[in-house]
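Okay, here's what each chain looks like letter by letter:
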Amino acid sequence: MKIKFHGHACFELTSGNTTILIDPYISGNPLCQVKAEDLHPDAVLVSHGHGDHLGDALSICKANRAAFVAIVDMVGQLSDAGLMKSIPSVGFSLGGTVEVGDFKIRMVPAWHGTRINCINGYALPVGFVISDGETTVYFAGDTALFGDMEKVIARYGIDVALLPVGGYYTMDIEDAAVAAAWLKTKTIIPMHYDTFPQIRTDLDKFKELVAKECDAKVLVLDPEEEREF
């Protein structure tokens, strides 16, 4: 599996003939170095309705006939608002698993705000456990630290954990280091930091904290950097 980082919490995952994009905050993202029209995924996953995560998802899906994948309540409300015309969708819910090309995607909880900003609606925030049969990635979304990371999500055998570390709106580096230990993951890729003044983060300190908690490797990706797992 190839993982490319587009800044903030936007990742592009590719395996076989399938590419999925997660939380495509492209337009207006000061860290992003790519244009929305240059992205051609087969599906777009959205963890929650805040503008820095829903972002350009609808326009990217429409341009590419890509599936919009999110919790069923968000899909329904966007459809009712007339924003899902000509966009295929996959609406499922917590604990459910769907197949998108070469990926299996399980929806798991996240603890965060529920607002869908563009329509003033509400839907639960979520995370995703994504597997291509060889590598399993946990995209935590925007979340606080919570015990199900250890009791439930770690059971799926997480190879790579994409964890928010910026604090203020999500867990900070201290809690993210604990999450890394609970998840028993091999690799942590930090996200949701440095985009705004409130979430400036000391990643060197984060690496030190993780080293005290577990043996996981912290891999910091620059925007547009890609790694293969």
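Refer to the structure presented above.
Residues numbered from 1 in each chain as written. Predicted model: local features only at pLDDT ≥ 70, side-chain atom pairs only at ≥ 80, totals over all residues. Heavy atoms only, no water.

Here we come to the environment of T14. Considering the arrangement of structural elements, one finds T14 in strand β2 (residues 11–15). For T14, the side chain forms a polar contact with the side chain of T19, separated by 3.1 Å. (Helix = DSSP H or I, 4+ residues; strand = E, 2+ residues; numbered from the N terminus. Polar contact = N/O pair within 3.5 Å; in protein donor to acceptor, adjacent residues only side chain to side chain.)

Attention now moves to the environment of F68. Mapped onto the secondary structure, F68 falls in strand β5 (residues 67–71). Its relative accessible area of 0% is what places F68 among the buried residues. Considered as a pair, F68 and P88 are 20 residues apart in the sequence and their alpha carbons are 6.3 Å apart. (Buried < 20%, exposed > 50% of the residue type's maximum accessible area, 1.4 Å probe, protein only.)

Here we come to helix α5 (residues 173–183). When α5 is considered as a whole, its buried residues turn out to be I173, A176, A177, A179, A180, A181 and L183. Buried residues in α5 make contact with β12 (136–139), α4 (148–151), β13 (160–164), β14 (187–191) and α6 (203–213). Here α5 starts with a cap whose side-chain oxygen sits 3.3 Å from the backbone nitrogen of E174, and that cap is D172. K184 occupies a position one or two residues after α5 and carries a positive phi of about 55 degrees. (Contact = heavy atoms within 4.5 Å.)

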